[in-house]
Amino acid sequence: MFIYLSKKIAIPNNIRLKCVSWNKDQGFIACGGDEGLLKVLKLETQTDDAKLKGLAAPSNLSMNQTLEGHSGAVQVVTWNEQYQKLTTSDQNGLIIVWMLYKGCWYEEMINNRNKSVVRSMSWNADGQKICIVYEDGAVIVGSVDGNRIWGKELKGIQLAHVAWSPDSKILLFGMANGEIHIYDNQGNFIMKMTVSCLHNVTGAISIAGIHWYAGSEGYVEQDCPCLAICFDNGRCQVMRYENDESPVFIDTLMNVASIQWNQCGSVLAVAGSLRAMAMEKEVNVVQFYTPFGEHLRTLKVPGKQMTEVAWEGGGLRIGLAVDSYIYFANIRPDYKWGYCSNTVVYAYTKPDRLEYCVVFWDTKNNEKFVKYVKSLMSITTSGDFCILATKADDTHPQEDADVESGNNAMYVLVLCNSIGTPLDSKYIDIDPLFVTMTKTHVIAASKEAFYIWQYRVAKKLTAMEINQVSRTRKEGRERVYHIDDSPSGTTEGPLDFAKAFTATRDPICCITATDKTLIVGRESGTIHKYSLPNVALVQKYSLNYRAYQLSLNCTSSRLAIIDISGVLTFLDLAVRSSSGDGSGSQAGTGDPSKFERKDVWDMQWANDNPDLFAMMEKTRMYVFRNLDPEEPIQTSGYICNFEDLEIKSVLLDEIMKDPERPNKDYLINFEIRSLRDSRSLIEKVGIEDASQFIEDNPHPRLWRLLAEAALQKLDLKTAEQAFVRCKDYQGIEFVKSLGNLQSEAMKQAEVAAYFSRFEEAERMYLDMDRRDLAISLRIKLGDWFRVLQLLKTGSGDCDDAVLEQAYNAIGDYFADRQKWVNAVQYYLQGRNQERLAECYYMLEDYDGLERLASSLPENHKLLPDIGQMFVTVGMCEQTVNAYLKCNQPKAAVDACVHLNQWNKAVELAKNHNMKEIKSLLAKYASHLLEKNKPLEAVELYRKAHHFLDAAKLMFKIADEEAKKGTRPLRVKKLYVLAALLVENYHSQVKTSQQNKAKGKTSEATSALAGLLEEDATSSDNRMVDSAWRGAEAYHFFLLAQRQLYEGYMVKAMKTALHLRDYEDIIPAVEIYSLLAICSSANRAFSTCSRAFIKLESLESLSPEQRQLYEDLALEIFTKHSTKNSHMSGLDSTPEGPEGKLPTCIVTGWTISEYQFWMCSVCKHCALENEIGSHNFCPLCHSSLA
């Protein structure tokens, strides 16, 4: 970072300031001093110029209000930013809370204990609570609306400071004797803080400041120290939390008055005075440190006594209270950023993430790519690539690290392209404090050694090959050198980081490199020059100051050095010849040894001219040619790039205010004077004089400017000469082609097109009645909408091929943007069937897709793709049609199998004589059975029309369920399903026979043949013949119980009697138990007695169960005689003339009438008067309609 004083505001009547505080959110500055002085100021920038932003813009006081109310010296001022309140206190102990109302500050609350003086006040992080400490040990915690939350008197203690922890759970109290006590937020003492930085300090000391950064903008890195405690003797400790065992120690060697963190906790400012060795008087200084105790900068401030330091909210300025003045200093932070191939790469921290957010902002297309990087150390760019230096993560596997040497690499260099894609990475052991890169090498240096990696970017390698390349560590591609070695450029040993850790008395402080030279600066002022790519120490130079930033010009002949205090000087590395190279004599180029500029914080050489550079001095940019400055430009941007006489500068301060939304206004192009002069000469004086001026100040950019101006005026001779001078081959060819054109208008149109003025060029073509040229221009540009317009508007017919091309291109335009509906219209007109199919598919317009498939000729190459589209959405029939149309029955069968349409698959296989379908079916069925999914196997067989196999499985399932004793209704349903499958099988056999015997014989014959075939095929005769027995058994079983419960005892008993035929299906115990109940309820004790006899004789019963039945029989038949009370002959089954009479499935009665109803599906009968009230067959549940 770099810092310089920028402004000074005097307080009237020379009243001395005691304190200053800067509101981070709204930018108000409050300062308090003697005689009750309290002022609120606000600095605002007023500028109409869009280019002037940030620090470069002039700032004026937009508010300067004196707040009346204190009589004694104001000693403490503190802001509550969340609620826009200012809290102040004076030497009499009076506290005033001020609020902003209509642009002015007014008193809101007043409080005075009249006992003691307020030493410190602190608002917590969310602005809800304030803690006030008095000198006499009183502590008060109040809320933002003025209510007291709690108070406490700490006996015998003099308080001096207070600070809240970021989570508001802990309070730190600083005592007047230098001790710090830790309390919880209710005022209960926890412990004393160990202050290790005061080791071996004698005499009285006091606390200069306690500041605990609340983490509002994230942390520089994980576990970053954020609690700073500083004592007046200059000793300081920075801790991660209140009882950190190993804090960071800083000895500032100064008398400290005040400390404060910047807005993101990355810089700690320590203000006070330094006793100069030679002089007796003290100098005011502000020292800047990182949270890890590294010293960044020192700012000297005039005046007698500095009392307080305050950071601005953006971290770009600080305010200092010195005597009766407020001094302001501007800060140029060391952002982590770089610029490669039109892309600005920058990093920032977020409060909600531990990693750095690295943004690759493509300024040309205004696109940004974001990458999160843990423990980022620096960003370095060159050409099209950038290097991210990071600390190695424990979670990263280190493919590159030297496993043999046993040491784990601590740091990683990641090579990325301009959109943040990692191309290669290297693990290294040395701390990459300084990194530079050229087109071929990356050089990283620690304080003692530097590491060189010759990186390669594989243009045409696959990801796998890149991996292989990065794994093989080629000898010589990476090297390490200690700064005290003198390499000769010949010895190429193995990569050995061990030598890099030898300490040195004179550490490295900066590096830079070009393609052929590496420069390393050391803290003593020595500069080493090495040759690249074979590293050999060429020369050492010694300066009498320490370099901070080095930069080489494009020919490596001159080195620019910015030292630690911001002074820019030059060092000639190459001995310049006084003639011959066209650069003029030594005197002409200025004497670099006498050149010096102060307050320089950035500089950049031009990429194409060794004598041209731009530098940033405070808020001005100067361009120097041969060490002569041009007039300065007001800006505070960082220089990205300087070539073609144009400087690209980026306003990083503005970007960092809202890093997620970078704006193209923050990228500024400045033209240097020779370019501006040439342009005005061409415009005002003419081409002749301008070409003379450019001849005297040659540069390819100026020649191009002249060439373009000559083209505009159709001065082809000058244009050609100028294109030759700037080596633009395309330009030369273009001028030649212009020379071959006859018509003047045609030349003008071509020039307009050359300068991208396409509308104008097109208008000229059309005026010449050359519609074809206008169309070809638009085709080159890819503006197909305009092509279509031109094709349609012209008189006469247009070329059909071009028209179709235009339609398809517009279709592509809409398809790329996923506007499928629009795309379809154009593809239809362009007859582009491939893309049309894709659009229909994306639109889910399957009718359209089907129409398209049917309109295609047979064996069209698109049909398989359409078939595949139908498969993905499960449309079997359309799939089959598409595949059959392109003569791929195998694919059609596979699709049917995939979609589980087995019947279709079997049918197709039969029609196309495919053998493998049966085995496939069996395989799949057995797979389902293995997985215990029998019902799915049944469904599979059913779909494949293998009804008999399905029925077998179904009967098996039903039998198993019956054995388990499942609910009878479920078992009945399973048996009905099995029987229906058998019926399906019957009808299948019948139809196949009919088809075979078509036209040959009578129906009766074919039916007979069918039955014979059935007989031959079905080994499982029982199953086929008596398919309905199981269903009947459970039907009557359920019916008997239903009738019993409804009170129809006679019907119930009749139905139960039928069950005697089904002992093979329903367990006999259940049948005869039911019969016994029904007959006893019907008082038919004879039947009941026979049922008991049957029960007692069952072998399946255990003796205990049999005994129970016998006891029950005894009980019943001692009371009732074994005679049927009503009608006899119920037990015998009545026979008709043709054998057994049918049973009614509604009532369970035997049907003796000649007229009865029969179900068309299951062929079971019922009495006509009974079935009338039913809509479905009671047995098979088929509809009666």
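Just so it is clear, the model here is predicted, and its values are computed rather than measured.

Overview of the confidence of the model for the protein chain
Detailed reading of predicted coordinates is not advised where the pLDDT is low.
Piece 1. When pLDDT is averaged across the protein chain, the result is 82; 89% of the residues are at 70 or more.
Piece 2. In this model residues 397-406 is a low-confidence stretch, pLDDT under 50, and it forms 17 contacts with partners more than four residues away in sequence or in other chains.

Here we look at the pattern of salt bridges
When charged atoms on two side chains of opposite charge get close, those side chains can pair.
Piece 1. Per the stated rule, a full pass over the model turns up 35 salt bridges.
Piece 2. Across the pair Arg 522 and Asp 506 runs a salt bridge whose closest N-O atoms are separated by 3.6 Å. Placement of the pair is Arg 522 in strand β42 (residues 517-522) and Asp 506 in the loop between β40 (478-482) and β41 (508-513), with a sequence separation of 16 residues. For the residue pair Arg 522 and Asp 506, the accessibility class agrees, reading buried in each case.
Piece 3. Residue Arg 701 pairs with Glu 646 through a salt bridge whose shortest N-O separation is 3.5 Å. With Arg 701 in helix α5 (residues 700-712) and Glu 646 in strand β54 (residues 646-650), this pair connects stretches of sequence that are 55 residues apart.
Piece 4. Among the residues examined, Glu 646 registers a relative accessible area of 23% and is labelled partly exposed.
Piece 5. Bridged by salt links that share partners, the residues Glu 759, Glu 762, Arg 778, Asp 783 and Arg 786 form one connected network.

Notes on the sheet that holds strand β36 (residues 422-428)
Piece 1. Spatially, 4 strands are ordered β33-β34-β35-β36 in an open sheet, and the strand pairing comes out antiparallel. For this open sheet the edge positions go to β33 (376-382) and β36, each flanked by a neighbour on one side alone. Along the sheet, successive strands turn relative to each other by an average axial angle of 20 degrees, direction set aside.

What about the nonpolar core?
Piece 1. Within the largest apolar cluster, 77 residues are counted, with the highest numbers of intra-cluster contacts made by Tyr 975, Trp 1028, Tyr 1034, Leu 1059, Ile 1066, Phe 1092 and Cys 1177.
Piece 2. In this structure Ile 1066 touches Ala 1033, Tyr 1034, Phe 1037, Leu 1059 and Ile 1071, once residues within four positions along its chain are discounted.
Piece 3. In this structure, Phe 2, Tyr 339, Tyr 346 and Met 656 belong to the second largest nonpolar core, which totals 60 residues.

A few points about the side chain of Gln 26
Piece 1. In this structure, Gln 26 sits in the loop between β2 (17-22) and β3 (28-33).
Piece 2. Among the polar contacts listed, one links the side chain of Gln 26 to the side chain of Asn 23, at a separation of 2.9 Å.
Piece 3. With residues near it in sequence (within four places) discarded, Gln 26 still touches Lys 42, Glu 81 and Gln 84.

A few points about the packing of aromatic side chains
Piece 1. Overall, the coordinates contain 38 aromatic pairs when judged by the stated rule.
Piece 2. Centre to centre, the rings of Phe 288 and Trp 311 are 5.9 Å apart; their planes meet at 80 degrees, and the pair counts as edge-to-face. Of this pair, Phe 288 sits in strand β24 (residues 282-289) while Trp 311 sits in strand β26 (residues 306-311), and the two are 23 residues apart along the sequence. Take Phe 288 and Trp 311: they sit in the same class, and that class is buried.
Piece 3. Ring centres 6.5 Å apart and planes at 35 degrees place the aromatic pair Phe 1036 and Tyr 1062 in the tilted group. Linking Phe 1036 in helix α26 (residues 1029-1046) with Tyr 1062 in the loop between α27 (1049-1058) and α28 (1068-1081), this pair joins segments that are 26 residues apart in sequence.
Piece 4. Judged by its relative accessible area of 4%, Phe 1036 is buried.
Piece 5. Taking the relative accessible area as the measure of exposure, Tyr 1062 reaches 8% and is therefore buried.
Piece 6. Through pairs of rings, three or more aromatic residues link up here, namely Phe 570, Phe 595, Trp 605, Phe 613, Tyr 622 and Phe 624.
Piece 7. Positioned above the aromatic ring of Trp 601, the side-chain terminus of Arg 332 is 4.4 Å from the ring centre.
Piece 8. Positioned above the aromatic ring of Tyr 622 is the side chain of Arg 597, whose terminal nitrogen or guanidinium carbon lies 4.5 Å from the ring centre.

Remarks on a nonpolar patch on the surface
Piece 1. Taken together, the side chains of Phe 189, Ile 190 and Met 191 make up a nonpolar region of the molecular surface, amounting to roughly 270 Å² of accessible area.
Piece 2. Within the secondary structure layout, Phe 189 lies in strand β17 (residues 189-192).
Piece 3. The partly exposed category is assigned to Phe 189, whose relative accessible area is 46%.

Focus: unusual backbone geometry
Piece 1. The step from Leu 532 to Pro 533 runs through a cis peptide bond, and the omega angle for that step is 0 degrees.
Piece 2. Positive phi is not limited to glycine here, since Arg 831 has a value of about 50 degrees.
Piece 3. Within the secondary structure, Arg 831 sits in the loop between α13 (820-830) and α14 (833-843).
Piece 4. With relative accessibility at 62%, the residue Arg 831 sits in the exposed group.

What about the sheet that holds strand β7 (residues 85-90)?
Piece 1. The sheet built from 4 strands is open, its strands ordered β6-β7-β8-β9 with antiparallel pairing. Of all the strands in the sheet, the pair left with one neighbour each is β6 (74-80) and β9 (104-112). Along the sheet, successive strands turn relative to each other by an average axial angle of 20 degrees, direction set aside.
Piece 2. In this sheet, β7 lies alongside β6 in antiparallel orientation, the contact comprising 6 bridges. Each residue of the ladder has a partner; that of Trp 79, found in β7, is Leu 86.

The rules behind the values
- Counting of residues starts from 1 at the beginning of each chain's written sequence and follows it residue by residue.
- Only residues with pLDDT of 70 or above have their local features reported here, since the model is predicted, and side-chain atom pairs are shown and tallied only from 80 upward, although totals for entire chains, interfaces and linings are computed over all residues.
- Each side-chain value is worked out from all heavy atoms of the structure, with water and hydrogens disregarded.
- pLDDT runs from 0 to 100 and stands for how confident the predictor is about each residue.
- Two residues qualify as a contact provided that any one of their heavy atoms is within 4.5 Å of a heavy atom in the partner residue.
- One side-chain nitrogen of Lys or Arg within 4 Å of one carboxyl oxygen of Asp or Glu is enough to make a salt bridge.
- Helix numbers and strand numbers start at the N terminus; a helix is a DSSP run of H or I with at least 4 residues, a strand a run of E with at least 2.
- The buried label goes to any residue with under 20% of its type's maximum accessible area, the exposed label to any with over 50%, and the partly exposed label to all in between, with areas taken from a 1.4 Å probe on protein chains only.
- By the convention used here, strands pair only if DSSP detects at least 2 bridges between them.
- To define axes, lines are fitted to C-alpha atoms, for helices over the stretch in contact only, and angles between the resulting N-to-C directions are given on a 0 to 180 degree scale.
- The nonpolar core is taken to be a set of buried Ala, Val, Leu, Ile, Met, Phe, Trp, Tyr and Cys residues, with the residues joined through side-chain atoms within 4.5 Å.
- Throughout this description, a polar contact denotes any pair of N or O atoms lying within 3.5 Å of each other; where both atoms belong to protein, one of them has to be capable of donating a hydrogen while the other can accept it, and for residues adjacent in sequence the pair is counted only when both atoms sit in side chains.
- Put simply, two rings from Phe, Tyr or Trp (the six-membered ring, in Trp's case) pair if the centres are within 6.5 Å, and we call them stacked under 30 degrees between planes, edge-to-face over 60, tilted for the rest.
- Charge-over-ring contacts are defined here by two conditions on Lys NZ or Arg CZ: a distance within 6 Å of the ring centre and an angle within 35 degrees of the ring normal.
- Candidates for patches are residues over 30% relative accessible area with no salt bridge; among them, like charges are joined within 9 Å and nonpolar side chains (Val, Leu, Ile, Met, Phe, Trp, Tyr) within 5 Å.
- Each accessible area is a Shrake-Rupley result for a 1.4 Å probe, and residues are judged covered by the shown protein chains and nothing else.

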